[in-house]
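Structural overview
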Amino acid sequence: MDEIIKQVNSPERLKELSCKELGAYCDSVRKFIVESVRHSGGHLASSIGAVELAVALHYVFDCPKDKILWDVGHQAYAHKIITGRAENFGALRANGGISGFPKMTESEYDSFTMGHSSTSLSVGLGYARARDTLGEDYNVISVIGDGAFTGGMAFEALNDIGASKAKMIIVLNDNKMSISKNVGAMSEYLAKLRLSKRYNRLKSTVKKGVLGIPLFGSNLYKALVRTKHGVKSVVQSNKMFEQMGIKYYGPIEGHNLANLIEIFKQVKNEDEPVLIHILTQKGKGYPVAASDPTKFHGIVPQGATNEKSFSQVLSDFLCTEGEKNSKITAITAAMSDGTGLTAFAEKFPDRLYDVGIAEQHAVTLAAGLAAGGLKPYFAVYSSFLQRGFDQVLHDVCINNLGVTFLIDRAGAVGADGVTHQGLYDISYLSLIPNLSILAPKDGCEFRQMLEFSLSYDKPLAIRYPKSYLCDSAENGSFEYGKWEILKRSQSGVYVLAVGNRAVCAASGIENANIVSARCIKPLDSEFLQQINRKGNLIITVEDGAKRGGFGQSVLAYLNEIGQNAKVETIGYPDEFLDDFCIEHSLEAAGITESGILSVIKNFGNSIQ
Ligand SMILES: Cc1ncc(C[n+]2csc(CCOP(=O)(O)OP(=O)(O)O)c2C)c(N)n1
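Residues numbered from 1 in each chain as written. Predicted model: local features only at pLDDT ≥ 70, side-chain atom pairs only at ≥ 80, totals over all residues. Heavy atoms only, no water.

Things to note about the packing of helix 18 (residues 359-371) against helix 20 (residues 389-397)
With their axes 9 Å apart at the nearest point, helix 18 and helix 20 run at an angle of 10° to one another. Considered as vectors, helix 18 and helix 20 are oriented roughly parallel to each other. Residues Q360, V363, T364 and A367 of helix 18 touch helix 20, and the partners they reach there are Q391, V392, D395 and V396. Residue composition of the contact of helix 18 with helix 20, by class: 4 nonpolar, 3 polar and 1 charged. (Axes fitted to C-alpha atoms, helices over the stretch in contact; angles between N-to-C directions. Helix = DSSP H or I, 4+ residues; strand = E, 2+ residues; numbered from the N terminus. Parallel < 35°, antiparallel > 145°, perpendicular 65-115°, else oblique. Contact = heavy atoms within 4.5 Å. Nonpolar A, V, L, I, M, F, W, Y, C, P; charged D, E, K, R; others polar.)

Here it is in structure tokens:
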């Protein structure tokens, strides 16, 4: 770690740096992020693209009094370093270390816990209104990427912000990229703004403002004038935002520190909502990342793995079946790589809809596609589908449409932490009539479920984690509504395991009946009736929240028919899972062989 990183451990120290030192500091921060992330994994390209932005913001504003809200928050590593957390980067996204996202409980400089996209404008307006109502005095700055700007929440907030006239600053960090290339009409509109004529001269107000910066204003002004391309981007009025009541500044070169400092100084004094459109490069300063920002959006630490991914199974399936059936369409909300849709997109570009970071729209789009006679598959991470609950219920399920939800990253997710845990899908989807929910024990069974989906013309959800270790030796055929007995025993103990991780945890256990409860909804009620005998023990195991989960569905059903067996449920307790390690999460919840064995042992003791 460079000395300057150690020394600058607060925004106050940052403000003491000279103009030249600030430039050197940015270089060191960038280098430090690259080194740290190569070791620990994390969001690389976005973070190194926002170094000058973070430095300029902390140079001009006074945090924690002023509130900087980093949308999604994956780009805020420089912010974390400036605010005294460089020492913790050895344990970035690890237990005992720091989160990869802003987190209120981690630092007073993190004004909000972020993780899901497109929230920063709403939070910002909330802060601004609270400030004005309480007669307080601070600045609110929402930093939002062009990807996050495609999300419906951002549009809803803009609508409100423009009308509110509240004093707040929106920094639109436009690098033309979401995780992959950004999409949609808004993105095209921003591209036009990028190309639009930029100012080649400094406005007198700008000059005045720069010269007014204490200590090195005149140096800055000279630097501005000297910049390679001159200061092209200063202030340009823009119709769309302006007509919505939001003052537009831009486009501004977002790696030019002097430019950024100047513009932030300018807008600090504005009394109305302003939007500063800055242009940055994702992966800036690290050529491999800049040339392939999608690959370097998030990187995992090096290490041998023999895991296979469920998304690869999905990819193979969609590519093969897509050939045979032109009605098959796939939808992604800006996550085609992560969910395994890239190959399908390349093969059938007209049948892959990337809707931007717009899960709610994606669900209802799928409903419309199905109503119109197509066969839509929406692949989405469990935690992001939370956004689309009402759309699943109201649009897909009330209309009983043949939409298949492929719910990836279900269960504990590890390094992304609390905001991304996929623990709630079983609970919230189980509430919805007409919807069936499946969980494959391995890739082979996932493939069978996908084949089943081809002829199933009703709402269907299949949930699975990122990876699985191997395909099971048992390769029975998939039968809708029926569970699979993986191991029989004379004992009265039945382990009902949901999905790959639970099945893996249970598979080594002897003297118990091990069952893959692959159909979460509907339950295999016939089987449950058979095993609901006094003296029997039923243990449900799921990589999901206990509340409203599979285990509680089993309990509710048995209660309805008159419960005889003893039932124990294993899953996550009723608290947020603030854990960065999948193994540790599973261990703590008892979703392990020893966790199940201890339940069996306690039962044995209790009947002696
Ligand atoms: C609701 C939701 N859906 C999907 C994601 C996954 N995701 C994280 S970052 C990202 C792209 C963000 O792009 P942008 O806002 O432009 O920021 P950049 O990485 O380009 O700086 C996506 C899709 C998310 N965090 N939240």
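Thoughts on helix 8 (residues 152-164)
The terminal C-alpha atoms of helix 8 lie 18 Å apart, and with 13 residues this matches the ideal 18 Å at 1.5 Å per residue to within 8%. The set of residues buried in helix 8 consists of A154, A157, L158, I161 and G162. Around the axis of helix 8, the buried residues are gathered within 130° of arc, so they sit on the same side. In helix 8, the exposed positions angled more than 90 degrees off the buried face are occupied by E156, N159 and A163. Where helix 8 is buried, its residues contact helix 7 (120-133), strand 3 (140-145), strand 4 (169-174) and helix 12 (239-243). (Expected span 1.5 Å × (residues − 1). Buried < 20%, exposed > 50% of the residue type's maximum accessible area, 1.4 Å probe, protein only. Arc of directions from axis to C-beta.)

Looking at the sheet that holds strand 18 (residues 513-516)
Strand pairing in a sheet is mediated by backbone hydrogen bonds. Such pairs are either parallel or antiparallel. Ordered by their spatial adjacency, 5 strands build an open sheet running 16-18-17-20-21, and the pairing between neighbours is mixed. The open sheet has two edge strands with one neighbour each: strand 16 (484-487) and strand 21 (566-572). The average undirected angle you get between the axes of adjacent strands in this sheet is 25°. Pairing of strand 17 (residues 493-498) with strand 18, which is carried by 4 bridges, proceeds in the parallel orientation. In the strand pairing of strand 18, A497 is matched with S516. Lying on the sheet, helix 26 (residues 582-589) is in contact with strand 20 (537-545) and strand 21; it crosses strand 21 at an angle near 155°. (Pairing = 2+ DSSP bridges.)

Details of the packing of aromatic side chains
Summed over the entire model, instances satisfying the criterion amount to 25 aromatic pairs. Ring geometry for F241 versus Y248: centroids 5.7 Å apart, planes at 5°, classification stacked. Owing to a relative accessible area of 2%, Y248 belongs among the buried residues under this scheme. In textbook terms, an aromatic cluster arises when at least three aromatic residues are bridged by ring pairs, as seen for F149, Y189, F241 and Y248. Lying across the ring of Y138, R131 places its NZ or CZ 5.9 Å from the centre. Directly above the aromatic system of F348 lies the positively charged group of R351, at a separation of 4.2 Å from the ring centroid. (Phe/Tyr/Trp six-rings, centres within 6.5 Å; stacked < 30°, edge-to-face > 60°. Lys NZ or Arg CZ within 6 Å of the ring centre and 35° of its normal.)

A few points about the nonpolar core
Counting residues in hydrophobic clusters, the biggest one holds 76 residues, and the most contacted among them are L385, F405, L429, W483 and L496. Residue contacts for W483: discarding those within four places in its chain leaves L496, V515, S516, A517, R518, C519, L523, D524, F527, L528, F550 and V554. (Core = buried A, V, L, I, M, F, W, Y, C linked by side-chain atoms within 4.5 Å.)

Let's talk about helix 18
Taking 1.5 Å as the rise per residue, helix 18 with 13 residues should run 18 Å; its terminal C-alpha atoms sit 18 Å apart, in good agreement. Considered for burial, the residues of helix 18 that qualify are E359, A362, V363, A366, A367, L369 and A370. Buried residues along helix 18 cover an arc of 165° about the axis, so they all sit on one side. The inward-facing, buried residues of helix 18 abut strand 9 (328-332), strand 10 (352-354), strand 11 (375-381), helix 19 (382-385), helix 20 and strand 12 (404-408). Looking at the residues trailing helix 18, positive phi occurs at G373, about 105°.

Some details on the site of the ligand
Around the ligand sit 22 residues, and of these S46, H74, G147, A148 and E359 come closest. Within the side chain of H74, one N or O atom sits 2.7 Å away from an oxygen atom of the ligand. In the model, a nitrogen atom of the ligand is placed 2.6 Å from a nitrogen or oxygen of the E359 side chain. Considering the ligand on its own, with 590 Å² of exposed area, one finds that the protein chains cover 97% of that surface. Residue classes in the shell around the ligand are distributed as 8 nonpolar, 10 polar and 4 charged. (Near = heavy atom within 4 Å. Polar contact = N/O pair within 3.5 Å; in protein donor to acceptor, adjacent residues only side chain to side chain. Areas by Shrake-Rupley, 256 points an atom, 1.4 Å probe, with all protein chains shown as cover.)

Description of the pattern of salt bridges
This model, assessed by the stated rule, comprises 30 salt bridges. Between K441 and E445 there is a salt bridge; the shortest N-O distance is 3.8 Å. Here K441 and E445 have matching classes, each one buried. The network of salt bridges with common partners includes K80, R85, E106 and D110. (Salt bridge = Lys/Arg side-chain N within 4 Å of Asp/Glu carboxyl O.)

A few points about the side chain of S117
By the element assignment, S117 lies in the loop between helix 6 (77-85) and helix 7. If sequence neighbours within four positions are ignored, S117 has contacts with D71, V72, A148, I357 and R387.

Examining the environment of S326
Examined against the element boundaries, S326 turns out to sit in the loop between helix 15 (310-324) and strand 9. For S326, a relative accessible area of 54% corresponds to the exposed category. Residues S326 and Q529, spaced 203 residues apart in sequence, show a C-alpha to C-alpha distance of 42 Å.

Section: the state of the cysteines
For the structure on display, the rule yields 0 disulfides. C63 takes part in no disulfide bond, and the closest cysteine sulfur to it belongs to C26, at a distance of 16 Å. Residue class for C63 comes out buried when judged on its relative accessible area of 4%. Here C397 stays free of any disulfide, with the sulfur of C519 as its closest cysteine sulfur at 15 Å. (Disulfide = S-S within 2.5 Å.)

Topic: the environment of A545
Examined against the element boundaries, A545 turns out to sit in strand 20. Classification of A545 by relative accessible area gives buried; the value is 9%. Along the sequence, A545 and S427 sit 118 residues apart, while their C-alpha atoms lie 7.1 Å from each other. Contact partners of A545, with chain neighbours within four places excluded, come to L423, Y424, S427 and Y572.

A closer look at the sheet that holds strand 10
With mixed pairing, 7 strands are arranged side by side in an open sheet as 10-9-11-12-14-13-19. Here the strands that pair on one side only, and so sit at the sheet edges, are strand 10 and strand 19 (519-521). Strand-to-strand, the axes of this sheet are offset by a mean angle of 20°, without reference to chain direction. In this sheet, strand 14 (residues 460-463) lies alongside strand 13 (residues 436-438) in parallel orientation, the contact comprising 3 bridges. Pairing of S436 across the sheet is with L460, part of strand 14.

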